[in-house]
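Okay, here's what each chain looks like letter by letter:
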Amino acid sequence: MALKKTTAAQGSKAKPSPAKASTAKASTPKILATTAKAPQGKARQALAAKKAAPRAKAPAKKPAAAKPARRAGASRPEANSMGMKLVLLPAGSFTMGSPLTEKGRGTDEGQQRVTILTPFLISRTVVTKAEWKAVMKTEPWKGQRCVVDGDDAPAVYVDWHDAVAFCRKLTVQERAGGWLDKGEHYRLPTEAEWEYACRAGTKSAWSFGADPRKLSDYAWHYGNTSDRKEAYAHRVGRKKPNPWGLCDMHGNVYEWCSDWYKSTLAGGENPQGPSTGTMKVLRGGGWGYDPARCRSADRNKNDPSFTDFSGGFRIVLAGE
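Our subject in this report is the structure included herewith. Please read all numbers here as calculations on a predicted model, not as lab measurements. (Residues numbered from 1 in each chain as written. Predicted model: local features only at pLDDT ≥ 70, side-chain atom pairs only at ≥ 80, totals over all residues. Heavy atoms only, no water.)

**Some points on the pattern of salt bridges**
Let me state the cut-off plainly: The working definition used for a salt bridge is a side-chain nitrogen of Lys or Arg within 4 Å of a carboxyl oxygen of Asp or Glu. For helices the rule is a DSSP run of H or I covering at least 4 residues; for strands it is a run of E covering at least 2, with both sets numbered from the N terminus onward. Burial classes: relative accessible area under 20% of the type maximum marks a residue as buried, over 50% as exposed, and values in between as partly exposed (1.4 Å probe, protein chains only).
This structure, assessed with the given rule, holds 14 salt bridges. Glu102 is the salt-bridge partner of Arg295, the closest N and O atoms lying 2.6 Å from each other. Taken together, the positions of Arg295 in the loop between strand S8 (280–283) and strand S9 (299–302) and Glu102 in the loop between strand S2 (92–96) and strand S3 (112–116) put the pair 193 residues apart, joining distant regions of the chain. For the pair shown, Arg295 and Glu102 are each scored as buried.

Below, the structure written as structure tokens:
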């Protein structure tokens, strides 16, 4: 907001214009001004009057207009402008993939050492129907099968391209509202970031340990949806979170990652996966899958234009 200009203090006298010195021109350089004759008569009186006149006070400075609150907490935002809860994850290293002894593992889970160089923010849950509608103004799940009512249910029937479009549109929306710093943007997590977030510092088959009988406390999967005849993606955040506070990392819906699929995992620092491919990576398992398919290391893949009732995504807020 532009600051309102202030005027000089009331009651100050106008400054009389001194008469021109007869021998000094207005453009006289300072180095020559010492040779000009002193003003005489009326000119001297005018100069005296000028010195006697009180100086007008400088306009008082107004405080700078406050910037809109960008986030709830500068160092660790709790939510973005839409109320989407974000969790700050630390930088660190971990072993991606599964050991040969892990029951139910796939042949594409060969272990790699990975380092995440910088902390990053990831959404606490997958994107919900309410959040999707607020950004995209559409309902791709409407009229489809295996969909539960409720705005806090996952946004399903969303393909990879749709998920990327959501991230881009949310970025534009939050930049316009002053919520993002320069270079900050939303995107899908890389496959390495996703498994790092899912494991939350653990090395077991699931983030809660190695006992599949405990899975129902943390996830919606085939074992606790088919018996109850609840064949759909359930409302988010109804199960226990992992050690880093992220919900539904196991089961409920498979989650799109940014990477192209390759049968061998990429290792090293902030791996991005292959530069080209035909299938995109999906992680986490779903409500219609058995416990083995909901492990931290389980990998799935599909055409980026694929949609169904058990596919969703969560987002990352990243810097440049």
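**Some remarks on the sheet that holds S9**
Test applied: Between any two strands, at least two bridges found by DSSP are needed for them to pair.
Spatial strand order, S9-S8-S6-S10: four strands in an open sheet with mixed pairing. A single partner strand is all that each edge strand has here, and the edge strands are S9 and strand S10 (311–312). Where strand S6 (residues 254–260) meets S10, two bridges bridge the pair, whose relative direction is parallel. Paired with Glu255 across the strands is Gly312, a residue of S10.

**Quick look at the nonpolar core**
As a reminder, the rule being used: The criterion is simple. A nonpolar core is a set of buried Ala, Val, Leu, Ile, Met, Phe, Trp, Tyr and Cys residues joined through side-chain atoms within 4.5 Å. Any two residues whose heavy atoms approach within 4.5 Å are treated as being in contact.
Grouped together as the largest cluster of nonpolar side chains are 34 residues, with contacts concentrated most on Trp132, Phe166, Leu188, Phe313 and Ile315. Of all elements in the fold, only helix H3 (129–136), helix H4 (160–176) and S6 reach the threshold of two or more residues within this core. Considering every element that reaches this core, the biggest residue donor is H4, with six residues. Beyond its immediate chain neighbours, meaning those up to four positions away, Trp132 contacts Val127, Lys137, Thr138, Pro140, Trp141, Ala155, Val158, Asp162, Phe166 and Phe313. Core analysis: the next-biggest nonpolar cluster, separate from the first, contains 21 residues, Phe94, Phe120, Cys198 and Tyr261 among them.

**Some points on the environment of Thr95**
Our working definition: Each polar contact in these results corresponds to two N or O atoms within 3.5 Å; when the atoms are within protein, one needs to be able to donate a hydrogen and the other to accept it, and residues that are neighboring in sequence are counted only if both atoms are side-chain atoms.
Its place among the elements puts Thr95 in strand S2. Owing to a relative accessible area of 32%, Thr95 belongs among the partly exposed residues under this scheme. The residues contacting Thr95, other than those within four sequence positions of it, are Gln111, Gln112, Arg113, Glu195 and Arg199. Polar side-chain contacts of Thr95 include one of 2.9 Å to the side chain of Arg113.

**Digging into the packing of aromatic side chains**
Counted only if it meets this: The pairing test for Phe, Tyr and Trp rings, Trp by its six-membered ring, is centres within 6.5 Å, and the orientation test on the planes gives stacked under 30 degrees, edge-to-face over 60, and tilted for anything in between.
Under the defined criterion, the tally for this structure stands at 10 aromatic pairs. Judged by centre distance (6.2 Å) and plane angle (80°), the rings of Trp132 and Phe313 are edge-to-face. Note that Trp132 is positioned in helix H3 and Phe313 in the loop between S10 and strand S11 (316–318), a separation of 181 residues in sequence. Of the two residues examined, Trp132 and Phe313, each falls in the buried class.

**Some thoughts on the packing of H3 against H4**
What counts here: Note on definitions: angles span 0 to 180 degrees between N-to-C directions of axes, and those axes are lines fitted to C-alpha atoms, for helices only across the stretch in contact. Should the near helix be turned anticlockwise from the far one by less than a right angle, the crossing is termed left-handed; should it be turned clockwise, right-handed. For this scheme, ten residues count as nonpolar: Ala, Val, Leu, Ile, Met, Phe, Trp, Tyr, Cys and Pro. Four count as charged, namely Asp, Glu, Lys and Arg, and the remainder, Gly too, count as polar.
Between H3 and H4, the least distance of the axes is 9 Å, while the angle of their chain directions is 65°. Note on packing geometry: the crossing formed by H3 with H4 is left-handed. Along its contact with H3, which presents Glu131, Trp132, Ala134, Val135 and Met136, the element H4 presents Asp162, Ala165, Phe166, Lys169, Leu170 and Gln173. Taken together, the residues of the contact of H3 with H4 sort by class into seven nonpolar, one polar and three charged.

**Regarding H3**
Our working definition: Summarising the geometry, the arc corresponds to the directions from the helix axis toward the C-beta atoms.
Those residues of H3 lying buried are Lys129, Glu131, Trp132, Val135 and Met136. The buried side chains of H3 occupy one side of the element, clustering within an arc of 160° when seen end-on. Looking at the buried residues of H3, the elements they touch are H4. Once H3 finishes, Lys137 follows within two positions and takes phi at roughly 60°, a positive value.

**Details of unusual backbone geometry**
A positive phi angle, near 60°, is found at Asp248, a position not held by glycine. Examined against the element boundaries, Asp248 turns out to sit in the loop between helix H6 (222–225) and S6. You can call Asp248 buried: its relative accessible area is 2%. With a phi close to 70°, Asn252 is a non-glycine residue in the positive phi region.

**Things to note about the sheet that holds strand S4 (residues 120–123)**
Strand order in the open sheet made by the four strands is S1-S4-S11-S5, with antiparallel pairing throughout. Every other strand in the sheet has two partners, leaving strand S1 (86–89) and strand S5 (185–187) as the edge strands with one partner each. Each adjacent strand pair in this sheet contributes to an overall mean axis angle of 35°, direction not counted. Both S1 and S4 contribute to a ladder of four bridges, which runs antiparallel. By the bridge assignment, Leu89 is partnered in S4 with Phe120.

**Here we look at the environment of Thr278**
As for its position among the elements, Thr278 is in the loop between strand S7 (268–269) and S8. Once the C-alpha coordinates of Thr278 and Asn302 are considered, the two residues, 24 residues apart in sequence, prove to be 8.3 Å apart. Leave out the neighbours within four places in its chain, and Thr278 touches Trp260, Asp303 and Pro304.

The values reported here are purely geometric and, on their own, carry no functional implication.
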